[in-house]
Amino acid sequence: MGLEPSAPAPIPFNKPFIAGKELYNISQAVLSGHLAGNGVFTKKCQAWLETQTGCAKALMTASCTGALEMAAILSGVGPGDEVIIPSFTFVSTANAFHLRGAKLVFADIAPDTLNIDPASVAERITPATKAVCVVHYAGVGCEMDEFTALCETGGKGARGRITLIEDAAHAICAYYNDKPLGSFGDLSAFSFHETKNFISGEGGALGINDPTLIERAEIIWEKGTNRSQFFRGLTDKYTWVDTGSSFLPSELITAFLYAQFEQAGEITRRRLAGWRYYQEGLRALEKAGDLRLPFIPAHSRHNGHMFYILLQDVSTRDALMEHLRQRNIMAVFHYVPLHTSPMGLSMGYREGMLPVTEDMSGRILRLPLFYDLSAEDQDRVIGAIRGFFAG
Ligand SMILES: *Cc1c(COP(=O)(O)O)cnc(C)c1O
């Protein structure tokens, strides 16, 4: 109306979603007088996760990082053992095993899903391989039939059975051949960090599928004590019995998280709707060869955790990211491959060793995707990307 158009409102990369009952649940925890861990809300969250993921047992943790550290302790890896993980992942996947003194062996990813490639893992198995940790990138399941078979037999050159761990930080309420992710490995780790689908600020859970690990997991979780057994009346003394740490979250955290779990279906539906809206809006650019959209294999039912595009090369990616930033749209990339990070280099890894990881990490761009993202804002993102290629 004759006025200068103002700068468009910022579209953040992520915005934490509040389901509604979080503060009410926290007030219930406060009124109950039980604020430390392993109370009513911890048990409610664990029961929900066991039903949802099919894990034999779930233990809430303060983070997915903590759950991965518990998985590393439970897998029994130590100095002299090798653990195979993707290089294209968050640092916590690596740190958990590095903290135990195990040697990290980085495998490459498949160019279609960006998930750890079974063929690359098979090539890296040696008699020292004790564990494999897969990461279900963007909530799309890894090739679990292949990984399960590989770890069961130990693969070519292995000493015996290999512990299979799932970093399911992205993968809550996602499925491989209709079986929930997190239920395939001996152990799995979930994240409720504010950037994930269901959140409690910081938060996580360990899923245990090998029932022989449950008792030890509870001990490690409770600072190396038999506190859980003591409270169940299974032992007459509460004492130090094994390695452990303070892995369990406060009831204030699980009270918050349970409100999110109660809305899980709706949260997942909304994220999937946003994901599909981008897919529809950007399909023509993929047909024109300007970019590539995520590939979802037939076995996968994903959870709308992340929407990314792959550009031709790193300079196009960086130029598009800047183009969006100038229009107040926050798009980001990850991961700096772990094998070319300062830590990876100090372990003897070099650029060029994992070509697919290096290539994809330079070409990926993640678009804003969160519960409250409106169709109008998605239209702005899609329009800005189209404008970049038209201009
Ligand atoms: C977020 C994330 C983690 C760590 O989760 P926290 O809950 O923040 O500790 C681990 N692995 C992957 C793949 C992640 O995306």
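Per chain, residues are indexed from 1 in the order of the written sequence. For this predicted model, a pLDDT threshold of at least 70 governs which residues receive local features, and a threshold of 80 or more governs which side-chain atom pairs are given and counted, while totals over whole chains, interfaces and linings are taken from all residues. Hydrogens and water molecules were not included; the side-chain quantities draw on all heavy atoms of the structure.

Visitor: Which parts of the structure should I look at to understand the overall build of the protein?
Guide: Along its length, the protein carries 14 helices and 12 strands. Since a compact globule built from 391 residues should have a radius of gyration of about 21 Å, the 22 Å found for the protein is in line with a globular shape. Principal axes of the C-alpha set define a box for the protein whose edges measure 80 × 55 × 35 Å. Exposure categories follow from relative accessible area, calculated using a 1.4 Å probe and restricted to protein chains: below 20% of the type maximum is buried, above 50% is exposed, and the middle band is partly exposed. Counting only residues that meet the buried cut, the protein has 55% of its 391 residues in that class. Contacts spanning at least 24 positions in sequence make up 69% of the contacts within the protein whose residues lie at least 6 apart. Every accessible area reported is derived by Shrake-Rupley at a probe size of 1.4 Å, with residue values counting cover from the shown protein chains alone. On the protein, roughly 16,500 Å² of surface is accessible, and the fraction owed to carbon and sulfur atoms is 56%. Positive charge is attributed to Lys and Arg, negative charge to Asp and Glu, and no charge count is given to His or to the chain ends. Taken as the charge centre is NZ of Lys, CZ of Arg, CG of Asp or CD of Glu, depending on the residue. Positive and negative charge centroids in the protein, built from 35 and 42 side chains respectively, lie 3 Å apart. Working definition: helices are DSSP H or I runs of at least four residues, strands are E runs of at least two. Numbering for both runs from the N terminus. Only C-alpha atoms enter the radius of gyration; for comparison, a globular chain is expected to reach 2.2 Å times N to the power 0.38, where N is the number of residues. Any two residues having at least one pair of non-hydrogen atoms within 4.5 Å are treated as being in contact.

Visitor: Sorry, what's going on with the site of the ligand here?
Guide: Taken together, 14 residues sit near the ligand, with Thr65, Asp167, His170, Ser191 and Lys196 positioned nearest. Here serine 191 contributes a side-chain N or O atom positioned 2.7 Å from an oxygen atom of the ligand. One of the side-chain N or O atoms of lysine 196 is found 3.3 Å from an oxygen atom in the ligand. About the coverage of the ligand: the protein hides 93% of its 380 Å² of free accessible area. In the scheme used here, Gly and all other residues not listed as nonpolar or charged are polar, with Ala, Val, Leu, Ile, Met, Phe, Trp, Tyr, Cys and Pro taken as nonpolar and Asp, Glu, Lys and Arg as charged. Considered class by class, the residues forming the shell around the ligand number five nonpolar, seven polar and two charged. Working definition: residue near molecule or strand if any one of its non-hydrogen atoms lies within 4 Å of it. The definition of a polar contact used here is a pair of N or O atoms within 3.5 Å, where within protein one atom must be able to donate a hydrogen and the other to accept one, and adjacent residues in sequence count solely through side-chain atom pairs.

Visitor: Can you help me understand the sheet that holds strand 4 (residues 129-135) in this one?
Guide: Strand pairing in a sheet takes place through backbone hydrogen bonds and is either antiparallel or parallel in direction. Across the sheet, seven strands lie side by side as 1-9-8-5-4-2-3; this open sheet has mixed pairing. Edge positions in the sheet fall to strand 1 (57-61) and strand 3 (103-107), since each has one partner strand and no second. Ignoring which end each strand starts from, the neighbouring axes of this sheet average 20° apart. Strands are labelled as partners when DSSP assigns at least two bridges between them. As judged from the five bridges shared by strand 4 and strand 5 (residues 163-167), these two strands associate in the parallel manner. Pairing of alanine 131 across the sheet is with threonine 163, part of strand 5. Fitting a line to C-alpha atoms yields each axis, with helices limited to the stretch in contact; the angle taken between N-to-C directions then spans 0 to 180 degrees. Sheet strands touched by helix 2 (residues 40-53): strand 1, strand 8 (187-191) and strand 9 (204-208). Its angle to strand 1, the strand with the most contacts, is close to 135°. On the sheet, helix 6 (residues 144-153) packs against strand 4 and strand 5 and is oriented at approximately 150° with respect to strand 5.

Visitor: Would you mind showing me how to read the side chain of threonine 53 here?
Guide: Along the chain, threonine 53 turns up in helix 2. There is a polar contact of 2.7 Å between the side chain of threonine 53 and the backbone oxygen of leucine 49. With residues near it in sequence (within four places) discarded, threonine 53 still touches Ile172, Pro180, Leu181, Ser183 and Phe190.

Visitor: Help me understand the domain arrangement of the protein in this model?
Guide: Frequently, the measure chosen for interface size is the accessible area removed from exposure when the parts meet. In this document the domain limits rely on a domain assignment from an automatic tool or a database. You can read the domains of the protein as domain 1 (22-262) and domain 2 (264-390). Spacing between the C-alpha centres of domain 1 and domain 2 amounts to 26 Å. Counting residues at the interface gives 44 residues for domain 1, matched by 33 residues for domain 2. Of all residues in domain 1, Phe88, Phe106 and Asn197 give up the largest surface area on contact with domain 2, accounting jointly for 18% of the area buried on that side. Between the two partners, domain 1 and domain 2, sit 20 residue pairs in polar contact (both at pLDDT 80 or more). Of all elements in the fold, only helix 4 (91-98), strand 3, strand 6 (175-176) and helix 9 (251-261) reach the threshold of two or more residues within the side of domain 1 that touches domain 2. In terms of residues, the side of domain 1 that touches domain 2 owes the most to one element, strand 3, which gives four residues. For the side of domain 1 that touches domain 2, the class distribution of residues is 26 nonpolar, 11 polar and seven charged. Buried surface area refers to the total accessible area, computed with a probe of radius 1.4 Å, that the two partners give up upon joining, counted for both partners together.

Visitor: What am I meant to see in the nonpolar core here?
Guide: Nonpolar side chains tend toward joint burial in soluble globular proteins. What is meant by a nonpolar core is a set of buried Ala, Val, Leu, Ile, Met, Phe, Trp, Tyr and Cys residues, joined one to another through side-chain atoms within 4.5 Å. Formed by 79 residues in total, the largest nonpolar core has its most connected members in Trp48, Leu49, Phe97, Phe192, Phe198, Leu206 and Phe261. Among all residues touching phenylalanine 97, those that are not within four sequence positions of it are Ala72, Ser75, Val77, Val83, Ile85, Ala102, Leu104, Cys133 and Ile165. Core analysis: the second largest hydrophobic core is formed by 24 residues, Trp275, Tyr278, Ala331 and Leu373 among them.

Visitor: What am I meant to see in a nonpolar patch on the surface here?
Guide: Together, Val30, Leu35 and Leu252 line one region of the surface with nonpolar side chains, adding up to about 230 Å² of accessible area. Note on placement: leucine 35 falls in the loop between helix 1 (22-32) and helix 2. Only residues whose relative accessible area exceeds 30% and that form no salt bridge are eligible for patches; like-charged ones are grouped when within 9 Å, while nonpolar side chains (Val, Leu, Ile, Met, Phe, Trp, Tyr) are grouped when within 5 Å. What makes a salt bridge here is a side-chain nitrogen of Lys or Arg within 4 Å of a carboxyl oxygen of Asp or Glu, nothing more.

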